[in-house]
Amino acid sequence: MSGDSTRFRAKKTSHVGVYFIEGTSPATGRVEKIFYVSYYRDGKRHYEKAGRQSIDGMTARIASGIRADRMRGLQASNRARREEDRAAQGRMTIAKLWTEYETH
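Description of the structure in this document. (Residues numbered from 1 in each chain as written. Predicted model: local features only at pLDDT ≥ 70, side-chain atom pairs only at ≥ 80, totals over all residues. Heavy atoms only, no water.)

**A word on helix α1 (residues 60–72)**
Argument step 1. Here α1 spans 19 Å end to end across 13 residues, near enough to the 18 Å set by a 1.5 Å rise per residue.
Argument step 2. Buried-residue contacts for α1 involve β2 (18–24), β3 (31–41), β4 (44–52) and α2 (78–89).
Argument step 3. Positive phi shows up at Gly73, right after α1, with a value of about 90 degrees. (Helix = DSSP H or I, 4+ residues; strand = E, 2+ residues; numbered from the N terminus. Expected span 1.5 Å × (residues − 1). Contact = heavy atoms within 4.5 Å.)

**With respect to the environment of Arg91**
Argument step 1. For Arg91, the position within the fold is in the loop between α2 and α3 (94–103).
Argument step 2. For the pair Arg91 and Arg45, spaced 46 residues apart in the sequence, the C-alpha separation amounts to 31 Å.

**Quick notes on the side chain of Glu48**
Argument step 1. If you trace the backbone, Glu48 turns up in strand β4.
Argument step 2. Once residues lying within four places of it in the same chain are set aside, the contact partners of Glu48 are Tyr36, Val37, Tyr39, Arg70, Ser77, Asn78 and Arg79.

**Observations concerning the packing of aromatic side chains**
Argument step 1. According to the stated counting rule, one finds 4 aromatic pairs in the structure shown.
Argument step 2. For the ring pair Tyr19 and Tyr47, a centre distance of 6.2 Å and an interplane angle of 50 degrees mean the geometry is tilted. Here the residue Tyr19 occupies a position in strand β2, and Tyr47 occupies one in strand β4, the gap between them amounting to 28 residues.
Argument step 3. Centroid distance Tyr36 to Tyr47: 5.5 Å. Interplanar angle 5 degrees. Geometry classified as stacked. Residue Tyr36 is found in strand β3, and its partner Tyr47 is found in strand β4; the two are separated by 11 residues along the sequence. (Phe/Tyr/Trp six-rings, centres within 6.5 Å; stacked < 30°, edge-to-face > 60°.)

**Some remarks on the sheet that holds β2**
Argument step 1. Strand order in the open sheet formed by 4 strands is β1-β2-β3-β4, with antiparallel pairing between adjacent strands. A strand with exactly one partner marks an edge of an open sheet, and here the two such strands are β1 (11–12) and β4.
Argument step 2. Looking at chain direction, β2 and β3 are connected through 7 bridges and run antiparallel. Within the sheet, the bridge partner assigned to Tyr19 lies in β3 and is Tyr36.
Argument step 3. Contacting β2, β3 and β4, α1 crosses the sheet at an angle of about 25 degrees to β3. (Pairing = 2+ DSSP bridges. Axes fitted to C-alpha atoms, helices over the stretch in contact; angles between N-to-C directions.)

So, in structure tokens, the structure goes:
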């Protein structure tokens, strides 16, 4: 949504803070909407992908609910969730890889 001409230009929906771009579905190759949400939390603006129309079954209404949850702090941001996942997994060592290999 910046003024940079190389980036996409998101289109507004009837829901506040919910935008979409048109992309192609990796499954079917057809045009689909990819929804994004924009919100402020702790004085910082967040602009994140909410989901795809066909794969995630996303609509503007569902994206608006996700936006509300993230604004209230009920749902972590995409970046925070990725950092939590990395921290939970820890660094893979040879010993961890070997035990994972043995279980399969």
